[in-house]
Amino acid sequence: MSFRTGFRISGSALTAERVRMDVIANNIANVNTTRTPQGGPYRRQQVVFAPQTAVPMFQISSSGGRLDTGRGVRVLAIVENNAPGLTAYEPDHPDADANGYVTYPNVDVNTELVDMLAARRAYEANVVVINAAKAMAMQALEIGRV
């Protein structure tokens, strides 16, 4: 695996985690949105990741098989969570139904904050990988100068 491959893999993870953070921020921003253009309350969105296609390295692993390495991660889809939201009795609310109940989004701020923390940690870990690869490349250049 070359240095560029490591940069590409970690770069794809940085991009994917940025998308995840954008979706989380959108969920938190819409925590009280009771009416959307599609009708009904806002639905929580989640990011689905998938590995990018593997590239054979044509090397033999210690188990005797061919060693494959991935190309990174990609965002496969952003899906809506169809779980029901909370309802509250608010007969004066403009989005109340005939019985006076308003359905709120199925967004839990605590869940979003935990997801945001996990996305942040993953982002930071990939920054560390890029910095380590950069330091190794710089050391390799120093060896060549001597």
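To start, this report covers the structure provided alongside it.

Here is what the cut-offs are and how they apply
- Residues numbered from 1 in each chain as written.
- Predicted model: local features only at pLDDT ≥ 70, side-chain atom pairs only at ≥ 80, totals over all residues.
- Heavy atoms only, no water.
- Helix = DSSP H or I, 4+ residues; strand = E, 2+ residues; numbered from the N terminus.
- Buried < 20%, exposed > 50% of the residue type's maximum accessible area, 1.4 Å probe, protein only.
- Contact = heavy atoms within 4.5 Å.
- Areas by Shrake-Rupley, 256 points an atom, 1.4 Å probe, with all protein chains shown as cover.
- Phe/Tyr/Trp six-rings, centres within 6.5 Å; stacked < 30°, edge-to-face > 60°.
- Salt bridge = Lys/Arg side-chain N within 4 Å of Asp/Glu carboxyl O.
- Axes fitted to C-alpha atoms, helices over the stretch in contact; angles between N-to-C directions.
- Parallel < 35°, antiparallel > 145°, perpendicular 65-115°, else oblique.
- Left-handed = near helix turned anticlockwise from the far one by under 90°.
- Nonpolar A, V, L, I, M, F, W, Y, C, P; charged D, E, K, R; others polar.

## Comments concerning the overall build of the protein chain
Right, so step 1: Per the secondary structure count, the protein chain includes two helices and six strands.
Right, so step 2: From first element to last, N terminus to C terminus, the protein chain shows the α and β order α-β-β-β-β-β-β-α.
Right, so step 3: The buried share among the 146 residues of the protein chain stands at 24%.
Right, so step 4: Sequence-distant contacts in the protein chain: of pairs separated by 6 or more residues, those separated by 24 or more amount to 61%.
Right, so step 5: Total accessible area computed for the protein chain in this model is approximately 9,800 Å², and 57% of it derives from carbon and sulfur atoms.

## Quick look at the packing of aromatic side chains
Right, so step 1: Per the counting criterion, the structure on display carries one aromatic pair.
Right, so step 2: Ring centres of Tyr89 and Tyr101 lie 5.3 Å apart, and the angle between their planes is 65 degrees; on these two criteria the pair is classed as edge-to-face. With Tyr89 in strand 5 (residues 87–89) and Tyr101 in strand 6 (residues 101–103), the pair connects residues that are twelve residues apart, well separated along the chain.

## Describing the pattern of salt bridges
Right, so step 1: By the definition in use, this model includes seven salt bridges.
Right, so step 2: Put simply, Glu17 and Arg20 hold a salt bridge, and the shortest N to O gap is 3.2 Å. Of the two residues, Glu17 and Arg20 both sit in helix 1 (residues 3–29), three residues apart, roughly one turn of that helix.
Right, so step 3: You can call Arg20 buried: its relative accessible area is 19%.
Right, so step 4: One salt bridge connects Asp115 with Arg44, and the closest N-O pair in it is separated by 2.7 Å.

## Quick look at the packing of helix 1 against helix 2 (residues 109–145)
Right, so step 1: Their axes nearest at 9 Å, the elements helix 1 and helix 2 cross at an angle of 160 degrees. Here helix 1 is positioned roughly antiparallel relative to helix 2, judged by the angle of their axes. Our pair here, helix 1 against helix 2, has a crossing hand that is left-handed.
Right, so step 2: Split by residue class, the contact of helix 1 with helix 2 holds 19 nonpolar, four polar and six charged.

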